[in-house]
Amino acid sequence: MKWMIVEKAEALAQVTYQLLKNEIQRQEEGLTIGLATGSSPVGVYEEWCQDTLDCSHVTTVNLDEYVGLSPTHPQSYHTFMKEHLFNAVAFKKSYLPFGDTEDAHAESERYEHLVRKLGVDLQLLGIGSNGHIAFNEPGTSFDATTHVTKLTESTREANQRFFDKLEDVPSHAITMGLGTIMEAKKILLVASSARKAEAVRDMMEGPATTDCPATILQRHADVMIVLDEEAAALL
Ligand code: GLP
């Protein structure tokens, strides 16, 4: 694992965006980038929206979506991506799982095939304060493919800030599995604030265990972790 520590969240976004931009400029066609939601990548997306970079050769594929929310639901990840990136940057094609499907398991399988067919060149990730990546909660098998997952109460509480009240936060999500994520050629993980410090320490220094799903990244050959000083405080 390689890592970089920057002083503040603003620099974190700039540095991370620059790494992404290098990839986009380096590969002139057929590039697939895996995208994440949550607050961690928001600054990166702001940088991206302010740039004039040609992304017409870039396909994007998101990590996850809440079960039960339609693409037009204000708190869906479809809406999040439109508001934070897709309305401003034109991509070749963008994919997210559909959360409002009748059969979320079949949708998971369809999405897994799609992701594997596309092949992710670079996957952007955040990390949950319990060490989850995408919505792979503690206890998820390292081999998991895209699947339906029950969110832990701590994850629902952490994500409550995007909803009016806790009861509105869906109980389940469709998420790329840890095995799916590990297929990406490169991984770029970004974490900021003291809230992430323990998970970051476990991910980088702890034993590889499903108790902290992000520890699987220790087994990936090309991971860059970008941290602010608060997130790196326990290293
Ligand atoms: C969410 C997402 C993850 C994200 C994580 C951290 O639940 N499914 O992809 O990395 O939790 O979120 P945040 O960046 O808002 O702290």
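Only a predicted model underlies this, so the values are computations on that prediction, with no experimental measurement involved.

Asks: Which residues make up the packing of helix α2 (residues 42-50) against helix α3 (residues 77-86), and what values do they have?
Replies: Close contact between α2 and α3 brings their axes to 9 Å; oriented N to C, the two are set at 45°. Relative to α3, the element α2 lies oblique. Between α2 and α3, the residues in contact are Val42, Tyr45, Trp48 and Cys49 and Phe80, Met81, His84 and Leu85, respectively. The residue inventory of the contact of α2 with α3, partitioned by class, reads seven nonpolar, one polar and no charged.

Asks: Help me get a handle on the packing of aromatic side chains, residues and values and all.
Replies: Summed over the entire model, instances satisfying the criterion amount to nine aromatic pairs. Centre to centre, the rings of tyrosine 66 and tyrosine 77 are 4.8 Å apart; their planes meet at 40°, and the pair counts as tilted. One end of the pair, tyrosine 66, is in strand β4 (residues 64-66); the other, tyrosine 77, is in helix α3, and 11 residues separate them in sequence. Here tyrosine 66 matches tyrosine 77 in class, with each residue buried. For the pair tyrosine 77 and phenylalanine 135, a centre-to-centre distance of 6.0 Å together with 10° between the ring planes defines the contact as stacked. Taken together, the residues span a long stretch of sequence, with tyrosine 77 in helix α3 and phenylalanine 135 in the loop between β6 (122-125) and β7 (147-150) at a distance of 58 residues. By the burial criterion, tyrosine 77 is buried, and phenylalanine 135 matches it.

Procedures and definitions
Residues numbered from 1 in each chain as written. Predicted model: local features only at pLDDT ≥ 70, side-chain atom pairs only at ≥ 80, totals over all residues. Heavy atoms only, no water. Axes fitted to C-alpha atoms, helices over the stretch in contact; angles between N-to-C directions. Helix = DSSP H or I, 4+ residues; strand = E, 2+ residues; numbered from the N terminus. Parallel < 35°, antiparallel > 145°, perpendicular 65-115°, else oblique. Contact = heavy atoms within 4.5 Å. Nonpolar A, V, L, I, M, F, W, Y, C, P; charged D, E, K, R; others polar. Phe/Tyr/Trp six-rings, centres within 6.5 Å; stacked < 30°, edge-to-face > 60°. Buried < 20%, exposed > 50% of the residue type's maximum accessible area, 1.4 Å probe, protein only.

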